[in-house]
Amino acid sequence: MEMNRNEVCWCGSNIKYKYCHLAVDEKIAEYKSRGYTVPRRKIIKNAEQINGIRESGKINTSILDSISDKVKPGITTEDVNRLVYEKTLELGGIPAPLGYEGFPKSVCVSVNNEVCHGIPSQDTYLKNGDIVNIDVSTIYNEYYGDSSRMFCVGEVSEERFNLVETTKAAIDVGLTEVGPWKTLGDMGQAINDFAKSKGYSVVYEVGGHGVGLEFHEEPYVSYVSKKNTEMLLVPGMVFTIEPMINQGKADVFVDDKNGWTVYTKDGSDSAQWEVMVLVKDDGYEILAH
Ligand code: MF3
Ligand code: CO
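Since we're looking at a predicted model, the values are computed, not measured. (Residues numbered from 1 in each chain as written. Chains lettered and ligands numbered in written order. Predicted model: local features only at pLDDT ≥ 70, side-chain atom pairs only at ≥ 80, totals over all residues. Heavy atoms only, no water.)

A. Unusual backbone geometry, seen in detail. Between glutamate 218 and the following residue, proline 219, the backbone shows a cis peptide bond with an omega angle of 0 degrees. In this fold, proline 219 is placed in strand 8 (residues 217-221). The phi dihedral of asparagine 141 falls on the positive side, at around 50 degrees, and the residue is not glycine. The topology assignment puts asparagine 141 in the loop between strand 4 (131-140) and strand 5 (143-152). A relative accessible area of 59% places asparagine 141 in the exposed class. (Helix = DSSP H or I, 4+ residues; strand = E, 2+ residues; numbered from the N terminus. Buried < 20%, exposed > 50% of the residue type's maximum accessible area, 1.4 Å probe, protein only.)

B. Representation of the coordination of the cobalt ion (ligand 2). Those protein atoms acting as donors to the cobalt ion (ligand 2) are Asp146 (OD), His209 (NE2), Glu242 (OE) and Glu274 (OE), and they sit at 2.1 to 2.4 Å. Within one chain, the residues donating to the cobalt ion (ligand 2) are spaced in sequence as D-x62-H-x32-E-x31-E. Residue aspartate 146 is found in strand 5, and its partner histidine 209 is found in strand 7 (residues 208-210); the two are separated by 63 residues along the sequence. Both residues of the pair, aspartate 146 and histidine 209, belong to the buried class. (Donors = N, O, S within 2.8 Å, 3.2 Å for Na, K, Ca; no water.)

C. Structural context of the pattern of salt bridges. A complete count under the given rule lists 16 salt bridges for this structure. One salt bridge connects aspartate 25 with arginine 41, and the closest N-O pair in it is separated by 3.4 Å. Here aspartate 25 is found in helix 1 (residues 22-33), whereas its partner arginine 41 is found in the loop between helix 1 and helix 2 (47-67), with 16 residues between them in sequence. Since its relative accessible area comes to 14%, aspartate 25 is described here as buried. A relative accessible area of 24% means that arginine 41 is categorised as partly exposed. The partner of arginine 149 in a salt bridge is aspartate 65, and the shortest N-O contact between them spans 2.9 Å. A residue pair is termed long-range when its members are at least 10 positions apart, and arginine 149 in strand 5 and aspartate 65 in helix 2 qualify at 84 residues. (Salt bridge = Lys/Arg side-chain N within 4 Å of Asp/Glu carboxyl O.)

D. A look at the packing of aromatic side chains. The full count for this structure, using the stated rule, is six aromatic pairs. Seen from their ring centres, phenylalanine 103 and tryptophan 260 are 5.0 Å apart, and the 90 degrees between their planes marks the pair as edge-to-face. Here phenylalanine 103, found in the loop between strand 1 (94-95) and strand 2 (108-111), pairs with tryptophan 260, found in the loop between strand 11 (252-254) and strand 12 (262-264); they are 157 residues apart in sequence, far enough to count as distant. Grouping residues by exposure puts phenylalanine 103 and tryptophan 260 together as buried. Relative to phenylalanine 215, the ring of tyrosine 144 has its centre 5.9 Å away and its plane inclined at 15 degrees; by these criteria the two rings are stacked. Placement of the pair is tyrosine 144 in strand 5 and phenylalanine 215 in the loop between strand 7 and strand 8, with a sequence separation of 71 residues. (Phe/Tyr/Trp six-rings, centres within 6.5 Å; stacked < 30°, edge-to-face > 60°.)

E. Broad picture of the state of the cysteines. Under the definition given, this model contains zero disulfides. Unpaired in terms of disulfides, cysteine 11 finds its nearest cysteine sulfur in cysteine 20, a separation of 3.7 Å. (Disulfide = S-S within 2.5 Å.)

Have a look at this one:
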């Protein structure tokens, strides 16, 4: 779509195109002509949208903060669900998972060999030695926030502790490859190389996603991708870095009874951390963690 330099920009900023996205568009066009996959305009957020997503992200982060000292042996994953639900409402948000494509609860809680999308249950007690991912997503003023953390329940084995810490470190490794005019593959390869170097494997069948105006937007974010491939990163893009890293083999399967919960095929433990990140002119900003 060609725009006149003096028209207001397509991004909704109300600023003339020549002072807003013209230069960025020219650069995107140049990358596109060299064969790069480039983002559609609708996933490039303007300042107002970024402010809204940032607010939602802050609430998401606070919800995780608020439950962190309550994750102890003896509570159930349904207790976690209730805590997240109540805190979200208290902060003026809506839990994004609740009713999303039929998901029955307000948060995903995934224990040990569960890779992601665990459904809270009053029958699932957290035991000493478990490792658990709590994945919180919030809608606030129609903007989406999404992040997750691992928790060690009581005393965990050294093996589990290392898996949790290495997966957290993998996010930081990935972040070193986030910035304008890099690609998602630069980030994905950095994470995969790091995880492999520690003897782990990265889940290739589930990934991250663009986020902000909707729960799941383009692009799909792989953590087994290759440097200089996948979508070009442009200022105003918001997406998640949420690698799932397995102690054993990378293969997973979905629970055929509930249709959601993903498990490792070999029964080995799996860890995941998730941050929501904004690409900026000069690097990135973490909008939720
Ligand atoms: N936060 C999870 C993700 O982005 C949400 C999965 S959909 C849900 O991967 F319905 F399970 F919440
Ligand atoms: Co996510």
